[in-house]
Amino acid sequence: MIRVLVVDDEALVRSGLRMILETADDIVVVGEARDGEEAVGAAARLRPHVVLMDVRMPGTDGLTAAARVLAAPDPPKIVMLTTFDLDEYVHEALRLGAVGFLLKDTPPRDLTAAVRTVAAGQAMLSPSVTRRLIDAFVDRAPSRSDSARRRLAALTGREEDVIRALARGLSNAEIGRDLRLSEATVKAHVSRVLAKLGLTNRVQAAILVHDADL
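About the cut-offs
All residue numbers refer to position in the chain's written sequence, counted from 1. The predicted nature of this model means local features are confined to residues of pLDDT at least 70 and side-chain atom pairs, given and counted, to a pLDDT of 80 or more, with totals for whole chains, interfaces and linings taken over all residues. Just so you know, side-chain values use all the structure's heavy atoms and leave hydrogens and water out. In this description a helix means any DSSP run of H or I spanning at least four residues, a strand means any run of E spanning at least two, and both kinds are numbered starting from the N terminus. Should any heavy atoms of two residues lie within 4.5 Å, those residues are considered in contact. Between N-to-C directions, angles span 0 to 180 degrees; the directions come from axes that are lines fitted to C-alpha atoms, helices contributing only their stretch in contact. Here the word oblique covers every angle except those under 35 degrees (roughly parallel), over 145 (roughly antiparallel) and from 65 to 115 (roughly perpendicular). Basically, the charged four are Asp, Glu, Lys and Arg, the nonpolar ten are Ala, Val, Leu, Ile, Met, Phe, Trp, Tyr, Cys and Pro, and anything else, Gly included, counts as polar. We define a salt bridge as a contact between a side-chain nitrogen of Lys or Arg and a carboxyl oxygen of Asp or Glu at a distance within 4 Å. Under the scheme applied here, a residue whose accessible area is under 20% of the maximum for its type counts as buried, over 50% as exposed, and between as partly exposed, the area being computed with a 1.4 Å probe on protein chains only.

> What exactly am I supposed to notice about the side chain of T60 here?
One can find T60 in the loop between β3 (50-54) and α3 (62-70). If near-sequence neighbours (up to four positions away) are discounted, T60 is found in contact with D35, G36, E37, A65 and R68.

> Sorry, what's going on with the packing of helix α8 (residues 157-167) against helix α11 (residues 202-211) here?
Each packed pair of helices is defined by two parameters, the angle between the axes and the distance between the axes. For the pair α8 and α11, the least separation of the axes is 8 Å and the interaxial angle reads 100°. Taken together, α8 and α11 sit at an angle that is classed as roughly perpendicular. Each of I163, L166 and A167 in α8 lies in contact with α11, whose residues at this interface are R202, A205, A206, V209 and H210. When the residues that make up the contact of α8 with α11 are grouped by side-chain class, the tally is six nonpolar, one polar and one charged.

> Looking at this structure, how should I read the pattern of salt bridges?
A pair can form between side chains of opposite charge whenever their charged atoms are brought close. According to the stated counting rule, one finds 14 salt bridges in the structure shown. Two residues, E160 and R164, come together in a salt bridge whose shortest N-O distance is 3.1 Å. Of this pair, E160 and R164 both sit in helix α8, separated by four residues, roughly a single helical turn. You can call R164 partly exposed: its relative accessible area is 35%. What emerges from the salt-bridge pattern is a single network uniting R14, R18, E22 and E32.

Written out as structure tokens, the structure is:
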């Protein structure tokens, strides 16, 4: 079972998310939290696999809570919840290590599919939404762009091909078809690229590529 913690300051939103998620046979909501402070404690106590974290909450907001939860040993996957598809706080959360974000009006089927996706260790890098967010809020100051390019210079030509494709939101299978590689080879390349760059997930890799303006 995929264990989920739901964090939102609105009781109605929490109840709605719980109802949707618990229609799935493989998902259980192990707890709810009303703000970031409660979320940090609940994550440590309940050990969920996935945390759905509201961005804007009174007191300790979702961004601060996400940073604290992700700093703990063996942290859960964090997906940010937002009312708006372009939210600067969500972008910062992706930098911290959150694996994606969902709009609060996401259709029920997509919500459960997203939880399964991140629980399986994959980032939610939707080209239609996440790339707009990255483009809108990445600060492409010369110093940041230069720094990103220097980091990417450590990659081999094939590794750069892979990370560019990854930044387009392609799956391993799609990257394999584009580059004429097996899916297993692509997976190995992705793991090596993340390790070489000191990154924890595909979203952070995509942000680095956008920082470099490649």
